[in-house]
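Residue-level structural notes
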Amino acid sequence: MDPAALIAQSLGGAWTSGLNAYATCAALGLLGRYGGLELSGSLDLLESWWVIGPALAMYAAEFFADKVPWLDSAWDLAHTFVRIPVGALLAAGGFSESGLGAQVGALAVGGTLASQSHALKAGARAIANASPEPVTNWILSLAEDAAVIGGIVFALKHPVLFLCVLAVAIVLAAIALFYVGRGARLAFRALARMLHERRAMVGT
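A few points on the structure. (Residues numbered from 1 in each chain as written. Predicted model: local features only at pLDDT ≥ 70, side-chain atom pairs only at ≥ 80, totals over all residues. Heavy atoms only, no water.)

All right, on to the overall build of the protein chain then. For the protein chain, the helix and strand inventory stands at eight helices and zero strands. In the protein chain, buried positions account for 41% of the 204 residues. The long-range fraction of contacts in the protein chain, counting pairs at least 24 apart against all pairs at least 6 apart in sequence, stands at 73%. Summed over its atoms, the accessible surface of the protein chain is roughly 10300 Å², and 75% of this surface lies on carbon and sulfur atoms. (Helix = DSSP H or I, 4+ residues; strand = E, 2+ residues; numbered from the N terminus. Buried < 20%, exposed > 50% of the residue type's maximum accessible area, 1.4 Å probe, protein only. Contact = heavy atoms within 4.5 Å. Areas by Shrake-Rupley, 256 points an atom, 1.4 Å probe, with all protein chains shown as cover.)

Taken N-terminus to C-terminus, the directions of helix α2 (residues 21-34) and helix α5 (residues 80-94) make an angle of 30°; their axes are 9 Å apart at the nearest point. By the angle between their axes, α2 is roughly parallel relative to α5. Residue-level contacts link Ala21, Tyr22, Thr24, Cys25 and Leu28 of α2 to Val82, Arg83, Val86 and Leu90 of α5. Here the residues of the contact of α2 with α5 sort into seven nonpolar, one polar and one charged. (Axes fitted to C-alpha atoms, helices over the stretch in contact; angles between N-to-C directions. Parallel < 35°, antiparallel > 145°, perpendicular 65-115°, else oblique. Nonpolar A, V, L, I, M, F, W, Y, C, P; charged D, E, K, R; others polar.)

Turning our attention to α5. The terminal C-alpha atoms of α5, which comprises 15 residues, lie 22 Å apart, in line with the 21 Å expected from a rise of 1.5 Å per residue. Those residues of α5 that sit buried are Arg83, Gly87, Ala88, Leu90, Ala91, Ala92, Gly93 and Gly94. Where the residues of α5 are buried, they touch α1 (3-17), α2, α3 (49-65), α4 (71-78) and α6 (100-129). (Expected span 1.5 Å × (residues − 1).)

On to the packing of aromatic side chains, then. Tallied over the entire structure, the rule returns four aromatic pairs. With a centroid separation of 6.2 Å and an interplanar angle of 65°, the aromatic rings of Tyr59 and Phe63 are classed as edge-to-face. Here Tyr59 pairs with Phe63, and both are found in helix α3, just four residues apart, close to one helical turn. Taken together, a centroid distance of 5.5 Å and an interplanar angle of 85° make the contact between Phe63 and Phe64 edge-to-face. Take Phe63: its relative accessible area is 27%, and that puts it in the partly exposed class. (Phe/Tyr/Trp six-rings, centres within 6.5 Å; stacked < 30°, edge-to-face > 60°.)

This paragraph deals with unusual backbone geometry. In this model, Trp70 sits at a positive phi of 70°, which is unusual for a non-glycine residue. The residue Trp70 is located in the loop between α3 and α4 in this model.

Turning our attention to the nonpolar core. With 12 residues, the main nonpolar core is built from Cys25, Ala26, Ala27, Leu28, Leu37, Leu39, Leu43, Leu46, Ala55, Leu90, Ile152 and Leu156. For this core, the secondary structure elements donating two or more residues are α2 and α7 (135-157). No other element matches the four residues that α2 contributes to this core. Setting aside residues no more than four positions away along its own chain, Leu43 makes contact with Gln9, Leu90, Gly93 and Gly94. (Core = buried A, V, L, I, M, F, W, Y, C linked by side-chain atoms within 4.5 Å.)

It is worth spelling out the environment of Leu37 at this point. Along the chain, Leu37 turns up in the loop between α2 and α3. Look at Leu37 and you get buried, because its relative accessible area is 19%. C-alpha of Leu37 to C-alpha of Val153: the two residues are 116 residues apart in sequence and 9.6 Å apart in space.

Counting across every chain of the model gives seven salt bridges. Of the charged contacts in the structure, one is a salt bridge between Lys121 and Asp66, with a shortest N-O distance of 3.2 Å. Remark: Asp66 occurs in the loop between α3 and α4 and Lys121 occurs in helix α6; sequence separation between them is 55 residues. The same class applies to Lys121 as to Asp66, namely buried. One salt bridge in this structure joins Glu144 and Arg125, with 3.0 Å as the shortest N-O distance. Here the residue Glu144 occupies a position in helix α7, and Arg125 occupies one in helix α6, the gap between them amounting to 19 residues. (Salt bridge = Lys/Arg side-chain N within 4 Å of Asp/Glu carboxyl O.)

It is worth spelling out the side chain of Lys121 at this point. Residue classification places Lys121 among the buried residues on the basis of a relative accessible area of 3%. Among the polar contacts made by the side chain of Lys121, one reaches the side chain of Asp66 at a distance of 3.2 Å. (Polar contact = N/O pair within 3.5 Å; in protein donor to acceptor, adjacent residues only side chain to side chain.)

Positionally, Asn129 belongs in helix α6. Remark: the alpha-carbon pair of Asn129 and Leu71, spanning 58 residues in sequence, is separated by 9.5 Å. Discounting residues that sit within four places of it in the chain, Asn129 has contacts with Pro69, Trp70, Asp72, Ser73 and Asn137.

Here is the structure:
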């Protein structure tokens, strides 16, 4: 496989996994199985319905949980232990035929990329949850799903251009994380105060 295509699949899958690991695995599997696109290394394992089926089922569950204020943040917290490892494994899987050193490097880079996109998603959701209206959650959720599906298709069909876009996205995400992190902390503090006030009212 062309080196650019290999890198785009591996790192693209890692980055989108931080947004939605289930959608990433399902999209890669379906595109590899029915889209006529070659998956690199051991990523062809994703083409099995034993992977696609559960991934689609979990994506359906996340699709609804992702649109309920604060439930989405709880879901994000729990899926820290899913999205980041899956992103790391997808990156390493793409380099399964490139030697142990390449796999270890890809594992580290993939985990870092998944951590970045996951933190950006979780932080943005926490900020959105500070607003009383639910529309923002829906918009963010649908935008994230579109970014995952569109990103995977883009990576598989236009790997060189995708890598250029990914490099810019990584830099912009790193800058955005500073502001998102601060906003998320304020949102969680507001939630903590609200819960404390409700407990005080119940106690009285």
